[in-house]
Amino acid sequence: MRIIDICEVTKPIASPIRNAYIDFSKMTASLVAVVTDVVRDGRRVIGYGFNSNGRYGQGGLIRERFRDRILEAAPESLLNEARDNLDPHKIWSAMMANEKPGGHGERSVAVGTIDMAVWDAVAKIADKPLFRLLADMKGVEANPKVFVYAAGGYYYPGKDDSALRREMRGYLDRGYTVVKMKIGGASIDDDRRRIEAVLDEIGADAQLAVDANGRFDLETAITYAKMLRQYPLFWYEEIGDPLDYALQAAMSEFYEAPMATGENLFSHQDARNLLRYGGMRPDRDYLQFDCALSYGLVEYLKTLDVLHQFGWSPSRCIPHGGHQMSLNIAAGLGLGGNESYPDLFQPYGGFPDGVRVVDGFITMPELPGLGFEGKSDLIKVMRDLAT
Ligand SMILES: O=C([O-])CC(=O)C(=O)O
Ligand SMILES: [Mg+2]
């Protein structure tokens, strides 16, 4: 049993939207295939993966460093103890050979993308959905019902409050009970008006989360907190710079309701610093680490260990990214749910065909691997890369 090739292609996921920090007009993502020599049900097992939106494709790093380290490793050194499957932890260590600690920048995205494909292959070789494999591995009960919320509410040219309302209404019509919109990319008066328009639209049918994408300095963060705390929000997200733990800690004096952050922390060491120094509250706040940007599930398992050490339940995690990898982790390891972008970043995000959101939850289908084969538009581009 061995990995015979790793292929990467960088694809556009561009759209005219803007958050408080970036626009997505030139956004790309890497799609990766880990090709094995294993055959299941008459078909070669290929694991697929991709990186989440927001950090661009990683073809250079994947092709120049990480792919070759795996392909050059002795194939037996990448197998599990029973020698009946690949070992994602050993593959991860092979990728990270000769990498210094710290500086978790773009390489965590490259490694996370390959790691997703490795887990997809491993679960397919085991002939199980990844969420069942993970629950078995940890000796816990899987829960195929996963909370999902609808992220959107971006700024884009010509978008007025009625378009924003229609967008949010569309999410409610599709079964979501929590929706999210961007703030911090307009004046506070404009944002207040946008928030009130959405709250008026969704009424008691749903709750609203707001996301500042790390835009605010402390003074602006506090000014916004005083405005936002007048509304019953689901959470106030990524208020200041992701590495400014002191700012995050200061916010708990000004904002009692839930806050969320972590999508731009890319290692268990950074997650640990957030819990040590960020003043996050385990009874109400949410952690949004996204394994597809942060060295993959092998690293995410270490992050969950850190959470445990600091007294945090995995149910406080609702990852960024809207991909099936985090859905599987949520269903297998008891996370609190997952993000979803109903109208964006297709075909990568979303659910297998036929999966519907009902009262804010989806039910995972019993598909081997991550479930990509059940999403026809996605598996088509994946098979174009490698079959
Ligand atoms: O706009 C983005 O970069 C995505 C984001 O923050 C989110 O989904 O929470
Ligand atoms: Mg965000």
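Residues numbered from 1 in each chain as written. Chains lettered and ligands numbered in written order. Predicted model: local features only at pLDDT ≥ 70, side-chain atom pairs only at ≥ 80, totals over all residues. Heavy atoms only, no water.

**Q** Go over the sheet that holds strand E2 (residues 28-40) with me, naming the residues and quoting the values.
**A** One open sheet holds the three strands; their spatial order is E1-E2-E3, and the pairing between them is antiparallel. A strand with exactly one partner marks an edge of an open sheet, and here the two such strands are strand E1 (3-12) and strand E3 (43-50). Ignoring which end each strand starts from, the neighbouring axes of this sheet average 25° apart. As judged from the seven bridges shared by E2 and E3, these two strands associate in the antiparallel manner. Bridge assignment links Leu 31 to a residue of E3, and that residue is Phe 50. The strands touched by helix H1 (residues 59-72) within the sheet are E1 and E2, with E1 carrying the most contacts at an inclination of about 170°. (Pairing = 2+ DSSP bridges. Helix = DSSP H or I, 4+ residues; strand = E, 2+ residues; numbered from the N terminus. Axes fitted to C-alpha atoms, helices over the stretch in contact; angles between N-to-C directions. Contact = heavy atoms within 4.5 Å.)

**Q** Which residues make up the environment of Arg 229, and what values do they have?
**A** Looking at the element boundaries, Arg 229 is found in the loop between helix H7 (218-228) and strand E7 (235-237). A residue is classified by how much of its surface remains accessible, and Arg 229, at 46% relative accessible area, is partly exposed. Those residues within four positions of Arg 229 in sequence are excluded, and the remaining contacts are Phe 254 and Tyr 255. A polar contact is formed between the side chain of Arg 229 and the backbone oxygen of Phe 254, at a distance of 3.0 Å. (Buried < 20%, exposed > 50% of the residue type's maximum accessible area, 1.4 Å probe, protein only. Polar contact = N/O pair within 3.5 Å; in protein donor to acceptor, adjacent residues only side chain to side chain.)

**Q** Explain helix H11 (residues 324-333) to me, using residue names and the numbers behind them.
**A** Summarising burial for H11: ten of the ten residues are buried, a large majority. Among all positions of H11, only Gln 324, Met 325, Ser 326, Leu 327, Asn 328, Ile 329, Ala 330, Ala 331, Gly 332 and Leu 333 are buried. Downstream of H11 by one or two residues, Gly 334 has phi in the positive range, about 75°.

**Q** Tell me about the nonpolar core, residues and numbers included.
**A** Membership of the largest hydrophobic core comes to 138 residues, with the highest contact counts inside it found for Ile 183, Ile 195, Leu 208, Leu 228 and Tyr 236. The element contributing the most residues to this core is helix H3 (residues 107-125), with eleven residues. Once residues within four sequence positions are removed from consideration, Leu 208 is found in contact with Val 179, Lys 180, Met 181, Ile 195, Val 198, Leu 199, Ile 202, Leu 233, Phe 234 and Trp 235. (Core = buried A, V, L, I, M, F, W, Y, C linked by side-chain atoms within 4.5 Å.)

**Q** Run through the confidence of the model for the chain, naming residues and quoting values.
**A** Confidence along the chain averages 97 in pLDDT terms, with 100% of residues attaining 70 or more. Among the prediction metrics, the complex's ipTM stands at 0.99, with pTM recorded as 0.98. (pLDDT = per-residue confidence, 0-100.)

**Q** Let's hear about the site of ligand 1: which residues, and what values?
**A** By nearness alone, 13 residues border ligand 1, and Tyr 154, Lys 180, Asn 213, Glu 339 and Tyr 341 come closest of all. Separating an oxygen atom of ligand 1 from a side-chain N or O atom of Lys 180 is a distance of 2.7 Å. The separation between an oxygen atom of ligand 1 and a polar side-chain atom of Glu 237 is 2.8 Å. Surface burial for ligand 1 is 96%, taken as the share of its 270 Å² of free accessible area covered by protein chains. Counting atoms within 2 Å of the grid points, the majority share of ligand 1 lands in the largest pocket. A breakdown of the residues in the shell around ligand 1 according to their chemical character gives three nonpolar, four polar and six charged. (Near = heavy atom within 4 Å. Areas by Shrake-Rupley, 256 points an atom, 1.4 Å probe, with all protein chains shown as cover. 1 Å grid on protein atoms, 1.4 Å probe; cavity = no way out; pocket = protein on both sides within 12 Å on 5 of 7 lines; lining within 4 Å. Sits in = over half its atoms within 2 Å of the grid points. Nonpolar A, V, L, I, M, F, W, Y, C, P; charged D, E, K, R; others polar.)

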